[in-house]
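Structure at a glance
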Amino acid sequence: MITVQLNEPDFEYDIHSLVKAFYPQHDVLVKAMPREEFPESVFHLVVNYDRKNHMIDFKFYEREQQENDNVTKEEIVAQDHDHVAKEENENAEQISEEAFSQNQKNGTAEEKMTLGGSVLVDFSDRKKTKNELKQQLYYLLTLYAGKTLPWGTLTGIRPTKIPMELLEEGKSEDEIRSYMKETYFASDEKIELSLAVAKRELELLSRIDYENGYSLYVGIPFCPSTCLYCSFTSYPLAKWANRMDEYLDALEKEIAFTAEACKHKVLNSVYIGGGTPTTLSAEQMDRLLTMIGSYFEIADEQGRMIYADEYMNEVDAADEAQNSMDEAKFENGSTDVEGNAAGSVCENGKVRKKTQLLEFTVEAGRPDSITREKLEVIHKHNISRISINPQTMNDKTLRVIGRAHTAQQVEEAYAMARTANIHHINMDVIAGLPGENIDDFARTMDAALRLTPESLTVHTLAIKRSSRLHLENAPLPDGETASRMVQLGLDTAHQLGMKPYYLYRQKYMAGNQENVGYALPGHACQYNVDIMEETTHILALGAGGISKRVYPEEGHIGRAPNVSNIEQYIARVEEMIGRKKALFLPEMPL
């Protein structure tokens, strides 16, 4: 364990995230409490907020028996800020000497201070103070740990948010590069990656209707088995096979409500995820896709999904015009200035209604759940995109992580999908799986080149607290190996003709890397961008789904979670519908 002692509670999350990024294999405790209440640790960091003198002071302590005394007392005050004048540095040294004496009293007899530093801050400017705190702490951690991080001080989920906002403000690419280097100490490679993704995301987001649009997520929380690294809501198929129709019955109630509540809105994208949606039988998959197409009116009479600029079934023009004039319960309706329904009126008085659906994804996921019959159902409904996710193409690793299929089954699933005329397949892989080296990951990338998916998502292993991987204390690969794997993923994507289009990071990632989605032109996943950038409403149905309502003017996100437990979801589905009403339709009686 690594312990961090504060003289007052402030910036705990920022300190914890940065220390954890340097030491992912250790637990990190950050708290304002006396030294004697902390447990024994690898090292103890004391952070003192000196508001009177506008300083933040850092001191690293080690236990005496570690005999790591290669930093002299004169080197303790480490300054890395050019704007601090010489006299301010002298003042900082004087303050640090006083803090040093006090902190020695706080420490135990077996500890000695090995490194320290201070930074002058303006506590009234919280954002600037946070950045300067993280800059100084990062500088000291690089000295102490003897390494740098590829993303510098950035530890959040969405580093691309920074270049996106700067691009929208009209900043040049060179200005953005300088800002990210000077403010966050990010590496040149990560700056270029985040800039490329930001530009692509802005293009994709320009296609959606922010004011009236939303995306739909439908969760199928069943899996053939639970993977070692997984923390998502999933339940073993063997236990629930006889109750899956019961689950679909409850899901249909949510689908019916959501379609009615959103009938005046624009459905941008649909994503069926899990779990593993292809644990459904072919008949159950057909039922689910038929329900979605019918209730949301995005399918033709044969049940084929209709995408933007294609026409749907004829409906009565007069009824459609009247409906469009009604006051929408879920914000405003989608009509022209005269209140006419979107679409073209035919001679027989009917209107062919348009959809604005951009994509429909079914996450097939596990190849051992895929059959020819299920793929034929998916093709019959004109689903635009599926995922077949091997994670690795090494049989030994597949067994270690708890996946009961082989690399050969992945190849067979891809062949079946192509035979079924599936034209967009995404492949997910994970860099840094337990026991894998760069040669193992290279075999997975060779398979990607051979199978030629239309999009490729390269994840970096993240040890999540609720996963068996965390509970079994599996080690992360070293940073250099993880970095080489991620670079190989990027090189493979480029060989396939793909470009990066979305990126996100997670806590406790191997090598402090990232997850990146690559795609051929015209094959980027709109839903992935929507969910990551949080610029449009997400209606999430099924056990474990979390619906999100965007309040752009207030700058926050409202959430309505569904219960994760399947039995509770089935029994309480009306309550889940009530939660959505409360979030999206607060004026309606529950």
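So, here is what we can say about the structure in this document. From a predicted model like this one, the values you see are computed outputs, not experimental measurements.

When you go through the protein residue by residue, the secondary structure sums to 19 helices and 21 strands. Across the 590 residues that make up the protein, the buried fraction comes to 54%. Here the analysis covers contacts within the protein between residues at least 6 apart in sequence; of these, 75% occur between residues at least 24 apart. With an accessible surface of roughly 26,200 Å², the protein has 47% of that area assigned to carbon and sulfur atoms.

This part is about the pairing of strand E19 (residues 537-541). Among the 5 residues of E19, 5 are classified as buried, and the element is accordingly described as predominantly covered. Of the two faces of E19, the one lined by His 537, Leu 539 and Leu 541 and the one lined by Ile 538 and Ala 540 are each fully buried. Pairing of strand E6 (residues 213-220) with E19, which is carried by 5 bridges, proceeds in the parallel orientation. Looking at the pairing, Tyr 214 lines up with His 537 of E19.

Across all of its chains, the model carries 15 aromatic pairs by this definition. Here Tyr 217 and Tyr 527 contribute two aromatic rings whose centre-to-centre distance is 6.3 Å and whose plane-to-plane angle is 25°, an arrangement assigned as stacked. Of this pair, Tyr 217 sits in strand E6 while Tyr 527 sits in helix H17 (residues 526-533), and the two are 310 residues apart along the sequence. Both rings, one in Phe 222 and one in Tyr 247, keep their centres 5.4 Å apart while their planes meet at 80°; by these two values the pair is edge-to-face. Note that Phe 222 is positioned in strand E7 (residues 222-223) and Tyr 247 in helix H8 (residues 244-261), a separation of 25 residues in sequence. Counting every residue linked through ring pairs, the aromatic cluster contains Tyr 23, Phe 43, Phe 60 and Tyr 144. Just above the ring of Phe 123 sits the side chain of Arg 51; from NZ or CZ to the centre is 4.5 Å.

Ranked by size, the top nonpolar core spans 98 residues in total, and within it Leu 251, Leu 288, Ile 292, Phe 360 and Tyr 569 carry the most contacts. In this structure Phe 360 touches Val 270, Ile 272, Leu 289, Ile 292, Ile 298, Met 305, Tyr 307, Ile 383, Ser 384 and Arg 385, once residues within four positions along its chain are discounted. Formed by 29 residues, the second largest nonpolar core is a distinct cluster that contains Ile 2, Val 19, Leu 115 and Val 121.

Quick reminder: α-helices carry 3.6 residues per turn. Residues three or four places apart thus point the same way. Within helix H11 (residues 372-380) the residues assigned to the buried category are Lys 374, Leu 375, Val 377 and Ile 378. Each buried residue of H11 sits inside an arc of 155° when the element is viewed along its axis, so together they form one side. On its buried face, H11 is in contact with helix H9 (282-295), strand E13 (359-365), strand E14 (385-388) and helix H13 (407-419). Following H11 by one or two positions, Asn 382 has its phi on the positive side, about 60°.

Counting buried residues along strand E1 (residues 2-6), 5 of its 5 residues qualify, which places the element largely inside the surrounding structure. Side chains Ile 2, Val 4 and Leu 6 project from E1 onto one buried face, and the interleaved Thr 3 and Gln 5 project onto a second face that is buried too. Pairing of E1 with strand E2 (residues 28-31) involves 4 bridges; the strand directions are parallel. In the sheet register, Ile 2 faces E2, and the bridge partner there is Val 28. A crossover links E1 with its parallel partner E2, the connecting element being helix H1 (residues 12-22), and its sense is right-handed. Bridge count between E1 and strand E3 (residues 44-50): 4 bridges; the pairing is parallel. Residue pairing across strands places Gln 5 opposite Val 46, the latter belonging to E3.

The peptide bond linking Gly 274 to Gly 275 adopts the cis configuration, its omega dihedral lying at 15°. Tracing the backbone through its elements, the reader meets Gly 275 in the loop between strand E9 (266-274) and H9. Look at Phe 185: it is not a glycine, yet its phi comes out positive at around 60°. Take Phe 185: it is sitting in the loop between helix H5 (173-184) and helix H6 (188-205). A positive phi angle is found at Glu 297, which is not glycine, with a value near 55°. Following the sequence through the fold, Glu 297 ends up in the loop between H9 and strand E10 (311-316). Overall, Glu 297 belongs to the partly exposed group, its relative accessible area being 39%.

Now for the sheet that holds E3. With respect to topology, 5 strands assemble into an open sheet ordered E2-E1-E3-E4-E5, the strand pairing being mixed. The sheet is open, and its two borders are formed by E2 and strand E5 (111-120), each paired with just one other strand. Geometrically, the sheet is characterised by an average inter-axis angle of 15° between neighbouring strands, direction not taken into account.

It is worth spelling out helix H4 (residues 161-168) at this point. For H4, every residue scored as buried is listed here: Ile 162, Pro 163, Met 164 and Leu 166. The inward-facing, buried residues of H4 contact H5, H6 and H17. Phi turns positive one or two residues past the end of H4, at Gly 170, with a value near 90°.

This part covers the pattern of salt bridges. Pairing between side chains of opposite charge can happen when their charged atoms approach one another. According to the stated counting rule, one finds 28 salt bridges in the structure shown. Among the salt bridges present, the one from Arg 177 reaches Glu 173, with a minimum N-O distance of 3.3 Å. You can see Arg 177 and its partner Glu 173 sitting in helix H5, 4 residues apart, about one turn around the helix. Classification of Arg 177 by relative accessible area gives partly exposed; the value is 24%. One salt bridge in this structure joins Asp 188 and Lys 181, with 3.0 Å as the shortest N-O distance. On the accessibility criterion, Asp 188 (48% relative accessible area) is partly exposed. A residue is classified by how much of its surface remains accessible, and Lys 181, at 35% relative accessible area, is partly exposed. Sharing partners across several salt bridges, the network here consists of Glu 173, Asp 174, Arg 177, Glu 192 and Lys 199.

We now examine the packing of H8 against H9. Helix-helix packing: each pair is described by the crossing angle between the helix axes and the interaxial distance. One way to put it is that H8 packs onto H9 with a least axis distance of 10 Å and a crossing angle of 10°. Regarding the angle of H8 to H9, the classification is roughly parallel. Note on element contacts: H9 touches H8 through Gln 284, Arg 287, Leu 288, Met 291, Ile 292 and Tyr 295, opposite Met 244, Asp 245, Leu 248, Asp 249, Leu 251, Glu 252, Ile 255, Ala 256 and Ala 259. Taken together, the residues of the contact of H8 with H9 break down into 10 nonpolar, 1 polar and 4 charged.

Rules behind the numbers
Residues numbered from 1 in each chain as written. Predicted model: local features only at pLDDT ≥ 70, side-chain atom pairs only at ≥ 80, totals over all residues. Heavy atoms only, no water. Helix = DSSP H or I, 4+ residues; strand = E, 2+ residues; numbered from the N terminus. Buried < 20%, exposed > 50% of the residue type's maximum accessible area, 1.4 Å probe, protein only. Contact = heavy atoms within 4.5 Å. Areas by Shrake-Rupley, 256 points an atom, 1.4 Å probe, with all protein chains shown as cover. Pairing = 2+ DSSP bridges. Phe/Tyr/Trp six-rings, centres within 6.5 Å; stacked < 30°, edge-to-face > 60°. Lys NZ or Arg CZ within 6 Å of the ring centre and 35° of its normal. Core = buried A, V, L, I, M, F, W, Y, C linked by side-chain atoms within 4.5 Å. Arc of directions from axis to C-beta. Right-handed = clockwise from strand over helix to strand, strands pointing away. Axes fitted to C-alpha atoms, helices over the stretch in contact; angles between N-to-C directions. Salt bridge = Lys/Arg side-chain N within 4 Å of Asp/Glu carboxyl O. Parallel < 35°, antiparallel > 145°, perpendicular 65-115°, else oblique. Nonpolar A, V, L, I, M, F, W, Y, C, P; charged D, E, K, R; others polar.

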